[in-house]
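Chain and residue survey
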Amino acid sequence: MLAVYIIIGVMVFTGIAVAVFLHTPAFGRLPRGERQRRIERSPHFRDGQFRNLEPTEFITSKRGRWGVMGKFLFGKHPGNLRPAEPMEVVKTDLRALSRDSDLWVWFGHSSYLFQAGGKRILVDPVSCFAAPVSFVNKAFSGTDIYQPEDFPDIDLLIITHDHWDHLDMQTVKALRTRIGRVICPLGVGEHFERWGFKPEQLIELDWYEQARLDDGFMVHALTARQFTGRGLRSNRTFLASFLFESPLRKVFIGGDGGYGNHFVDIGRRFPDIDVAVMENGQYSTDWRYIHTLPEFQGAEADALGAKHVLTVHHSKYALARHPWNEPLENARCLSEKYGVDVWRPRIGEVIEWDV
């Protein structure tokens, strides 16, 4: 009988510990109040969840979600999921970059800074933790050289969705006083308010909505194909891709997600995209609808019709079972096979943006 009480006690203690952990600030907060009411008015929110335009299964493997997760966490991995040697990177003095220069700097995975028309735009910055606990999603050796204190003042922070590898509490909190405005999908502002951001800093957009920033500067919220959430409950917040317009530039900010008909629609609506940031990495046939498989990257680039392409979602974390450098080969093939001008910078390297 004592053993039974001990087991019950351990189970109760574990349950309480998990519940407390899930309510720590890093998990953010689910939308509530007027924010939740706005979400419920969206045509893309049905039956208590955000919905993709096309039917989108999270896991397509017959093993199911937990089987796939178990295989990934505990199964035998190929030896090249991570580079054997530290990555070759560039440590640029970001604070010394002139606002008068239109340029790009990629920080690995989906984090990057670009300047256009005198504005500094930072997208999905993750400099500290890409997971709820530090020992999960560890950065490749040599890639974690940029910390929040390295960034200059930011005019606009754009967050595509609230997954841990795109929204890092420690990074955005450290930058809070140096960020002008934040643009994010519906519901994601709840996390920012819990982390001390002022409501007037936040612009939350549903698909097909837009925000005018200044004369000649506009951000359009567009469709994407993924799921959202930082805890156990999925799709209570939204995700988005974005189109940033300055007087001379159009930038498609893809975030991440699976291929779908929405890329054709975006390319038709915005026929003169200068740079398209496309997902390239962390894909698997086990979750084929929520991350773009390599065989669809050519069709995606063709649909968007951009002058230049930057591929992201690779070279910093191993979140799938493909070789770590396979996305780099995908980018090379995209350039050579489809005739796309693909930027392939090293982490931290400055790309000067020609007019």
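Computed from a predicted structure; not experimentally measured.

How each quantity is defined
- Residues numbered from 1 in each chain as written.
- Predicted model: local features only at pLDDT ≥ 70, side-chain atom pairs only at ≥ 80, totals over all residues.
- Heavy atoms only, no water.
- Helix = DSSP H or I, 4+ residues; strand = E, 2+ residues; numbered from the N terminus.
- Buried < 20%, exposed > 50% of the residue type's maximum accessible area, 1.4 Å probe, protein only.
- Contact = heavy atoms within 4.5 Å.
- Pairing = 2+ DSSP bridges.
- Axes fitted to C-alpha atoms, helices over the stretch in contact; angles between N-to-C directions.
- Parallel < 35°, antiparallel > 145°, perpendicular 65-115°, else oblique.
- Nonpolar A, V, L, I, M, F, W, Y, C, P; charged D, E, K, R; others polar.
- Right-handed = clockwise from strand over helix to strand, strands pointing away.
- Phe/Tyr/Trp six-rings, centres within 6.5 Å; stacked < 30°, edge-to-face > 60°.
- Core = buried A, V, L, I, M, F, W, Y, C linked by side-chain atoms within 4.5 Å.

1. Some remarks on the overall build of the chain
A tally of regular secondary structure across the chain gives eight helices and 16 strands. In the chain, which comprises 355 residues, the proportion classed as buried is 54%. At a minimum sequence separation of 6, the contacts of the chain that also span at least 24 residues come to 72%.

2. Details of unusual backbone geometry
In this structure, Asn137 is a non-glycine residue whose phi angle is positive, near 55 degrees. Residue position: Asn137 is located in the loop between strand 5 (119-123) and strand 6 (154-158). A relative accessible area of 24% means that Asn137 is categorised as partly exposed.

3. Concerning the sheet that holds strand 16 (residues 350-352)
Pairing in this open sheet of seven strands is mixed, and the strands run 8-7-6-5-4-3-16 from one edge to the other. Since the sheet does not close on itself, it has two edges, and those belong to strand 8 (202-205) and strand 16, each with one partner. Going from strand to strand, the sheet's axes swing by 20 degrees on average, the running direction of each strand aside. In terms of strand pairing, strand 6 meets strand 7 (residues 179-185) through four bridges, oriented parallel.

4. Concerning the packing of helix 6 (residues 262-269) against helix 7 (residues 297-304)
Contact pair helix 6 / helix 7: the axes reach a minimum separation of 7 Å and the direction vectors enclose 25 degrees. Considered as vectors, helix 6 and helix 7 are oriented roughly parallel to each other. Across the interface between the two elements, Phe263, Val264, Ile266 and Gly267 of helix 6 pack against Glu300, Ala303 and Leu304 of helix 7. Residue composition of the contact of helix 6 with helix 7, grouped by class: five nonpolar, one polar and one charged.

5. A look at the pairing of strand 12 (residues 250-253)
The alternating pattern of strand 12 places Lys250 and Phe252 and Val251 and Ile253 on opposite faces, both of which are buried. The sheet contact formed by strand 11 (residues 241-245) and strand 12 spans four bridges and is antiparallel. Looking across to strand 12, one finds that Glu245 is bridged to Lys250. Linking two consecutive strands that pair antiparallel, namely strand 11 and strand 12, is a turn of four residues. With three bridges joining them, strand 12 and strand 13 (residues 275-279) adopt parallel strand pairing. Along strand 13, the bridge assignment pairs Ile253 with Val277. In this fold, the crossover linking strand 12 to strand 13 by way of helix 6 has right-handed handedness.

6. As for the side chain of His314
Looking at where His314 falls in the secondary structure, it is placed in the loop between strand 14 (308-312) and helix 8 (326-338). You can call His314 buried: its relative accessible area is 3%. In contact with His314, not counting residues within four places along its chain, are Trp106, Gly108, His109, Asn280, Gln282, Pro327 and Leu328.

7. Details of the pairing of strand 14
Buried residues dominate strand 14, accounting for five of its five residues. Alternating positions in strand 14 separate into two faces, His308, Leu310 and Val312 on one and Val309 and Thr311 on the other, with burial throughout. Judged from the five bridges that link them, strand 13 and strand 14 form a sheet pairing that is parallel. By the bridge assignment for strand 14, Val275 is matched with His308. In this fold, the crossover linking strand 13 to strand 14 by way of helix 7 has right-handed handedness.

8. Observations concerning the packing of aromatic side chains
Summed over all chains, the structure comprises 19 aromatic pairs. On the numbers, 4.6 Å between centres and 20 degrees between planes, the contact of Trp104 with Phe114 is stacked. With Trp104 in strand 3 (residues 103-106) and Phe114 in strand 4 (residues 112-116), this residue pair connects regions lying ten residues apart in the sequence. Comparing Trp104 with Phe114, the two get one shared label, buried. With a centroid separation of 4.9 Å and 90 degrees between ring planes, the pair formed by Phe192 and Phe197 is classed as edge-to-face.

9. Quick word on the nonpolar core
Formed by 38 residues in total, the largest nonpolar core has its most connected members in Trp104, Tyr112, Phe114, Ile183, Phe242, Phe244 and Ile253. Leaving out residues up to four positions away in the same chain, Trp104 has contacts with Tyr112, Leu113, Phe114, Val251, Val275, Val277, Leu310, Trp343, Glu349, Val350, Ile351 and Trp353. Membership of the second largest hydrophobic core comes to 27 residues, among which are Leu113, Tyr146, Cys184 and Trp195.

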